[in-house]
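A structural walkthrough
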Amino acid sequence: MIRLLPVLLVCLLAATGLRTAQAQEEVVLGLSQNRVAITADFDGSEILIFGAVKRETPIPRDEPLEVIITVSGPSSPVMVRRKEKKLGIWVNVDSVLVDSAPSFYAVATSGPFDSVLSDTEDLRHRVSIERAIRSVGAAMNIRGAQEFADAVVRIREEDGLYSLRPSTVAVDEQTLFRTAIEMPSNLTEGAYTTRVLLTRGREVVSAFETEIDVRKVGLERFLYALSRKKPFVYGIMSLVIAVLAGWGASAAFQLLRDR
Amino acid sequence: MQIYLPIAEVSVNAFLLFGIGGMVGILSGMFGVGGGFLMTPLLFFIGIPPAVAVATGANQIVASSVSGVLAHLRRRSVDIKMGMVLQGGGLVGASIGVAIFNYLKSLGQVDLFVTLCYVIFLGIVGGLMFIESVNALRKSKRGVVPKRKQRGWVHSLPFKVRFRTSGLYISVIPPIAVGVLVGILTAVMGVGGGFIMVPAMIYILGMPTKVVVGTSLFQIITVTAFTTMLHATTNYTVDIVLAVFLLVGGVFGAQIGTRIGTYLKAEQLRILLALLVLSVCGKLGLDLLLTPDELFSIAAAGESR
């Protein structure tokens, strides 16, 4: 028993030592809002993401702290099609199923992307826009399958859905950080994963993850749910509204004419 | 004022929708067509997904047709019997059309097919109408009374039926065939089919012009209502909010258009409509021929059922 004690003690010390090494610097995060409500007049939203780095030890002197913040919408498979000229007109010739592409993806960093994160770490944590899209199942018989994944990035970047915003995270005294992420008006519903990565010397030292809930509310919610759950009722309702509007307009102008 | 459309999942300017609805309404009031052939391409242009534009277009046409038919019923210029026959064909056609639409969607060729349909039909209808109305205008200037051919191949077919309001005694086959064709177009292109129905009634069936517009609108109601239901229950693509904004603009536009229409001669109206149809056709045709800016297009994988 007495002989066992030091062994136990060493184990315990090792365990706590490991824990402190892992969690030397931790993220304490705040969001200006943890849910985005899509209402009838929804016109995009700006989310303020801020936080502090909690640490028990003094600030390491070697490399400055950098912060990467990513906000990622729900992922879904995407069908990408390519056009080619056939018989003088442009037609879709081949397609690739990109297994998983987020509907929205924004990366904000505290410095130029290459200087805050190494390529290996990017590969591991899937931070850059290209890495956030997965297309394992791309058929090899189609030439340039990569082109298709690139096309998804290009098209969604043009729509403002994907963006890389280097040097937009402000870091004070290696402790406080903040950024604002703009979300466009053409958002889809779902849980938007928000990640905060702390890096030193291009290596990730700590990671934190939370979710922002994006939901249609009120009338938008009601109509969307109705169209999916009771499509027949929804269809009839659309028709009734159309017929009433048509009849109403006719009756209104009839009244005007009679005067 | 931005409005978020719950089904299309995009946010668009409400006034833009009123404007599009109003503009199309003016044209439809002037020419007695539903205006779907203009509405659907315009909706594509402002970024509404094609599937939603097609389905919602059908719903919007229900409203404008109801409004139009009520006016025509008061003037007794609706051949209800003929409308019923056309509708029978139309419902069959709409079912076929939705099946074709879903099949092409799975192939990824739906955009191409819809555009080709537009180019071909608008080209043919616009071209014929233009030639015919220019000739008619020239004749009326020379003082010759235009006389429509009353007997053709249409009159030699069996199953003859009397259509009292139209003053016709013809086979039911051509009206059913026209109905089926228009039904298919409605489902695939999201149009009421007025631009093809009206010339078909005048030139193929030989119906008097005064009952053509009312009867065409009458049968369009049923076919577009049916198409709306099919799209709503199979594709979930009818956006009711979008439809409301378009039809509010549309009903006002239609009334203004009717006023403008009364100041113009029938031949002049037909030439203008022909030119409009041909220019939409030209624009869509050029898009097929010119190199697109973006060779790739993306769609949700779930859509390719």
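The structure this text deals with has already been given above.
What to know about helix 4 (residues 80-107) of chain B
All names here are of chain B.
- In this model helix 4 runs 39 Å from its N-terminal to its C-terminal C-alpha over 28 residues, within 8% of the 40 Å that 1.5 Å per residue would give.
- Residues of helix 4 that are buried: M82, G83, V85, L86, Q87, G89, G90, G93, A94, G97, V98 and F101.
- One or two steps after helix 4, the chain reaches G108, where phi turns positive at roughly 80 degrees.

Considering the environment of G248(A)
- Mapped onto the elements of the fold, G248(A) is located in helix 7 (residues 231-258).
- Note on G248(A): 15 C-beta atoms within 10 Å, which makes it partly exposed.

Overview of the sheet that holds strand 8 (residues 162-165) of chain A
Residue and element names in this part refer to chain A.
- Taken in spatial order, the 6 strands make up an open sheet running 2-12-11-4-7-8, and their pairing is mixed. Of all the strands in the sheet, just strand 2 (35-38) and strand 8 have a single pairing partner and so form its edges. Taking each pair of neighbouring strands and ignoring which way they run, the sheet shows an average axis angle of 15 degrees.
- Bridge analysis of strand 2 against strand 12 (residues 203-216) gives 4 bridges, and the strand direction is parallel. The residue of strand 12 that forms the bridge with R35 is D213.

Section: the sheet that holds strand 10 (residues 176-183) of chain A
All names here are of chain A.
- The antiparallel open sheet is built from 4 strands, whose spatial order is 1-3-10-9. The strands lining the two open edges of the sheet, one partner per strand, are strand 1 (25-31) and strand 9 (170-172). Mean inter-strand twist for the sheet, computed between neighbouring axes without regard to direction, equals 20 degrees.
- Sheet topology places strand 1 next to strand 3 (residues 45-55); 7 bridges connect them, and they run antiparallel. From the neighbouring strand, L29 faces strand 3, where its bridge partner is G51.

Notes on the interface of chain A and chain B
- Chain A puts 49 residues into the contact, and the matching count from chain B is 47 residues.
- Among the secondary structure elements, those contributing two or more residues to the side of chain A that touches chain B are strand 5 (75-86), strand 6 (89-102), helix 5 (145-158), helix 6 (218-229) and helix 7 of chain A.
- With 16 residues, the single largest contributor to the side of chain A that touches chain B is helix 7 of chain A.
- Looking at the side of chain A that touches chain B residue by residue, the class counts come to 29 nonpolar, 12 polar and 8 charged.

Remarks on the packing of helix 4 of chain B against helix 6 (residues 173-189) of chain B
Residue and element names in this part refer to chain B.
- At their nearest, the axes of helix 4 and helix 6 sit 6 Å apart, and the two run at 40 degrees to each other. When the axis of helix 4 is compared with that of helix 6, the two are oblique. In this structure, helix 4 meets helix 6 at a crossing whose hand is right-handed.
- The class makeup of the residues in the contact of helix 4 with helix 6 is 20 nonpolar, 9 polar and no charged.

Some remarks on the environment of G30(A)
Residues and elements named next belong to chain A.
- Position of G30 relative to the elements: it lies in strand 1.
- Taking the C-beta count within 10 Å as the criterion, G30 has 11 such neighbours and is therefore assigned exposed.
- The spacing of G30 and R178 is 148 residues in sequence and 9.1 Å in space, taken between C-alpha atoms.
- In this structure G30 touches F50 and G51, once residues within four positions along its chain are discounted.

Focus: helix 3 (residues 50-74) of chain B
Residue and element names in this part refer to chain B.
- The first and last C-alpha atoms of helix 3 sit 36 Å apart over 25 residues, in line with the 36 Å expected at 1.5 Å per residue.
- Counting buried residues in helix 3 gives 20 out of 25 residues, a clear majority hidden from the surface.
- Once helix 3 ends, the next one or two residues include R76, with phi positive near 55 degrees.

Conventions adopted
Residues numbered from 1 in each chain as written. Chains lettered and ligands numbered in written order. Predicted model: local features only at pLDDT ≥ 70, side-chain atom pairs only at ≥ 80, totals over all residues. Helix = DSSP H or I, 4+ residues; strand = E, 2+ residues; numbered from the N terminus. Expected span 1.5 Å × (residues − 1). Buried ≥ 20, exposed ≤ 12 C-beta atoms within 10 Å, placed from the backbone. Pairing = 2+ DSSP bridges. Axes fitted to C-alpha atoms, helices over the stretch in contact; angles between N-to-C directions. Contact = placed C-beta atoms within 7 Å. Nonpolar A, V, L, I, M, F, W, Y, C, P; charged D, E, K, R; others polar. Parallel < 35°, antiparallel > 145°, perpendicular 65-115°, else oblique. Left-handed = near helix turned anticlockwise from the far one by under 90°.

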